[in-house]
Amino acid sequence: MTNLSLVPFREFERLKDLDITPETHTELFATYCRINTLYMIKQAGSGHIGSSFSSLDIVCWLFLNELRVRKTNSNQPRDIYFSSKGHDVPGLYSVLIGHGLLEFERIHSLRRLDGLPGHPDISIPFLETNTGSLGMGVSKAKGMILANRLMGREGNVYLLTGDGELQEGQFWESLQPAANLGLHEMTVIVDHNKIQSDTWVSQVSDLGDLERKFAAYGWYVDRCDGNNVKALGNAIAKLKAVTKGPKILIADTIKGKGISFMEHTAIKPEDNPEDNLYRFHSGAPDHEAYTKGVAELIAAANTQLEQIGASPLAVDMLSYAKPAVVDGAQRLVSAYSKALVAQAERNQDLVVLDADLMLDCGLIPFKDKFPKRFFECGIAEQDMVSQAGGMALKGLLPIVHSFACFLSTRPNEQIYNNATERTKIIYVGSLAGLLPGGPGHSHQSVRDISALGAIPNMVMIEPANEAEVSLALDYCLHRTISSCYIRLVSIPCQIPYQLPEDYQLELGQGIALTEGQDAILFGYGPVLLPQAYQAAQLLAQNHGITLKVVNLPWLNFVDLDWLEQILQGYSWVFTLDNHYVIGGQGDRIVSGLAELGLSGQIQVRQFGVFDIPKCGQNQEVLRAHGLDAESLAFDINKTMM
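Conventions adopted
Residues numbered from 1 in each chain as written. Predicted model: local features only at pLDDT ≥ 70, side-chain atom pairs only at ≥ 80, totals over all residues. Heavy atoms only, no water. Core = buried A, V, L, I, M, F, W, Y, C linked by side-chain atoms within 4.5 Å. Buried < 20%, exposed > 50% of the residue type's maximum accessible area, 1.4 Å probe, protein only. Domains from an automatic or database assignment. Contact = heavy atoms within 4.5 Å. Phe/Tyr/Trp six-rings, centres within 6.5 Å; stacked < 30°, edge-to-face > 60°. Helix = DSSP H or I, 4+ residues; strand = E, 2+ residues; numbered from the N terminus. Lys NZ or Arg CZ within 6 Å of the ring centre and 35° of its normal. Buried area = accessible area lost by both parts, 1.4 Å probe. Salt bridge = Lys/Arg side-chain N within 4 Å of Asp/Glu carboxyl O. Polar contact = N/O pair within 3.5 Å; in protein donor to acceptor, adjacent residues only side chain to side chain. Nonpolar A, V, L, I, M, F, W, Y, C, P; charged D, E, K, R; others polar. Expected span 1.5 Å × (residues − 1). Arc of directions from axis to C-beta. Disulfide = S-S within 2.5 Å. UniProt positions renumbered as here; feature names shortened; annotations may be inferred. Pairing = 2+ DSSP bridges. Right-handed = clockwise from strand over helix to strand, strands pointing away.

## Points about the nonpolar core
Move 1: F522 and L567 are the most contacted members of the largest nonpolar core, which totals 89 residues.
Move 2: Residue-level mapping places this core at the junction of two domains, with at least three residues from each of domain 2 (332–487) and domain 3 (511–640).
Move 3: Once residues within four sequence positions are removed from consideration, F522 is found in contact with V550, L552, W562, L563, I566, L567, V573, F574, T575, L576, Q585 and I589.
Move 4: Within the second largest apolar cluster, 69 residues are counted, among which are F29, I35, L38 and L239.

## With respect to the packing of aromatic side chains
Move 1: Enumeration according to the criterion identifies 16 aromatic pairs in this entry.
Move 2: Between F171 and W172 the ring centres are 5.1 Å apart and the planes differ by 85°, which places this aromatic pair in the edge-to-face class.
Move 3: A centroid spacing of 5.0 Å and a plane angle of 65° characterise the contact between Y475 and W554, whose relative ring orientation is edge-to-face. Highlighted residues: Y475 in helix 17 (residues 466–478) and W554 in the loop between strand 16 (547–551) and helix 19 (560–566), separated in sequence by 79 residues.
Move 4: You can call W554 buried: its relative accessible area is 1%.
Move 5: Taken together through their ring pairs, the aromatic side chains of F171, W172, F214 and Y217 make up a single cluster.
Move 6: When the ring centre of F53 is taken as reference, the NZ or CZ atom of R34 above it lies at 5.8 Å.
Move 7: Over the ring of F370 we find R373, and its NZ or CZ is 4.5 Å from the ring centre.

## Concerning the domain arrangement of the protein chain
Move 1: One can read the domain layout of the protein chain as domain 1 (2–320), domain 2 (332–487) and domain 3 (511–640).
Move 2: Contacts between domain 1 and domain 3 engage seven residues on the former and six residues on the latter.
Move 3: With both sides pooled, the region where domain 1 packs onto domain 3 buries about 530 Å², and carbon together with sulfur makes up 53% of that total.
Move 4: When the area that domain 1 buries against domain 3 is broken down by residue, the three leading residues are R111, R112 and L113, summing to 77%.
Move 5: At the surface where domain 1 touches domain 3, the tally comes to one salt bridge.
Move 6: One salt bridge in this structure joins E620 and R112, with 3.2 Å as the shortest N-O distance.
Move 7: For the pair domain 1 and domain 3, the number of links is four residue pairs in polar contact (both at pLDDT 80 or more).
Move 8: Taken together, the residues that form the side of domain 1 that touches domain 3 break down as three nonpolar, one polar and three charged.

## What to know about helix 9 (residues 229–240)
Move 1: Look at helix 9: 16 Å from first C-alpha to last across twelve residues, which is about the 16 Å you get at 1.5 Å a residue.
Move 2: The set of residues buried in helix 9 consists of V229, L232, G233, A235, I236 and L239. Down the axis of helix 9, the buried side of the element spans an arc of 165°, and every buried residue falls inside it. Seen from the buried face of helix 9, the exposed residues on the opposite side, beyond 90 degrees, are K230 and K238.
Move 3: Among the structural elements, helix 2 (22–44), helix 3 (49–66), strand 3 (157–162), strand 4 (186–192), strand 5 (220–225) and strand 6 (247–252) are those in contact with the buried residues of helix 9.
Move 4: With a side-chain oxygen positioned 3.1 Å from the backbone nitrogen of K230, the residue opening helix 9 is N228.

## Quick look at the state of the cysteines
Move 1: Across all of its chains, the model carries zero disulfides by this definition.
Move 2: Of the cysteine sulfurs around C377, a residue in no disulfide, the closest is that of C361, at 12 Å.
Move 3: Of all cysteine sulfurs, the one in C476 lies closest to C484, which takes part in no disulfide; the gap is 3.5 Å.

## Concerning the UniProt feature "domain: Transketolase-like pyrimidine-binding" (unreviewed entry) in the protein chain
Move 1: In the numbering adopted here, UniProt assigns the feature "domain: Transketolase-like pyrimidine-binding" (unreviewed entry) to residues 330–495.
Move 2: In residues 330–495, helix accounts for 39% and strand for 16%; the two terminal C-alpha atoms are 7 Å from one another.

## Things to note about the pairing of strand 15 (residues 519–523)
Move 1: A large share of strand 15 lies buried, amounting to five of its five residues.
Move 2: Of the pairings in the sheet, the one linking strand 15 to strand 16 comprises five bridges and is parallel in character. Counted as the bridge partner of F522 is V550 from strand 16.
Move 3: Handedness of the crossover is the feature at issue here: the chain leaves strand 15, passes through helix 18 (residues 528–543), returns alongside strand 16, and the resulting connection is right-handed.
Move 4: Here three bridges tie strand 15 to strand 17 (residues 572–580), and the two strands are oriented parallel to one another. Following the sheet pairing, F522 is matched in strand 17 by T575.

The structure is reproduced here in structure tokens:
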């Protein structure tokens, strides 16, 4: 059992009564928020510490000293703040809670069902827009300002971007029109902490002279130390005096600011060659890091309080039970990592491209072994996919990686363009499907099958366990001339079934995981097939219904001869999609039934996602969408009654 420290609301209220300067108030408030942000991420089991901490001084200064946030009457000016990068939302929540703008009890609900989402969502008060793929912020702010002008409302818009985010093309597309329109109400603050998800911004795509670049677009530019509240306040005041056009503040910050061992001060990789990855970009700290980090923050707060003659900080201690470790879980990304290296050893033309997610996509072993064949493209999916297209035209075999939610949608037009050239490219989308549920709907990839399903000659496959990962990659490399999409689940999964030792992939065909005569269910992947497998057991035990569960790894193609054969004797068919029902595998099966003339003979029900995905812990998200074993068994039994 670990105790977690929390700054209670009464301590934030006590700050208001102290006779201190706005700068001192903000510094203390930010330290308190860092303690609570660390609590929220540790308690939730995931989150983004580095980005939250680098930007907290900025967010605290704005809410305590700049923003007119409570004046919601349409006749009164109201300022808006939002973060375009989104990763820093735990820090924003802590500010809103400490400022009394959100109920304090919400501090315990980060990444929980009906709680505080893992990325910004407008369901939470004072969160002005949802985040998604990076680079949308300036465009959203332009729309807000133009709407305010049209409707006769006053108010400034402050938005925060990350420096890695500046690699996205939409950011640069949005700058010139804002200057042309003279949007003086807009102030963009760049959280320039020098590090993106994987590594240094300078190593991926050096930003160069940002002041001159922004000025060339017609923006008013200033620069300051973003973790020095006095310098920050002076810079914002200077830009507020500008009334002719949009403003941008480059705030030089430190990722992980506030905890010494989380701070990353090296600007370039050569400044710190023994540490190529920043450890605290995402995820919860372990017990040792949490205990050491929170002690450092509390000590810093008490030093600040002592300097102004105030009594020490009184934190609340809350018990925390370490999540149980489930033995035997399979990790498909790790299996893919091994299979990729093995294939690369046999094929010198195989190259790997990555969009700033080499750790999450399992690419570090490949990069270490084949550095000349690894290409880090940064947060620029369209550029990455078109680079792969050029490589394929010149005889290489590119394998392109990102999260499925970004890879299938941001560069969709570029993927289609590559397909029209009839070259071969393999796309690998990790973090696929409904889970993990903690990051929220911006990262829950439940429309990638539909987004890519109509790409000509694209073979789409989702492996159901570690063994099928290796088979899938081998199939894509050696058994088809077509481009392929491999859909990978990133969370560890308990797999209750095994595939036969002699199992081989045959296009459009699947294999039964259970035997049953009353109904048949088609599904795929390591998240929902185990739920279907367990549902089959519950149906047999509780209702006497035997359900055949079939693993059909092909997402956009069904072999009609095989389908007709396996359906013989069944009058009930169920499909199960880790995806929106519309455009998922189930639609392909229903279409196949129609082509076979079986629609009038077989009754069908499709399971999957019908609404925007819920944010929360994995099991509670499955249950909320009716996709856990108990819900599936209940609904199948009810349907067949």
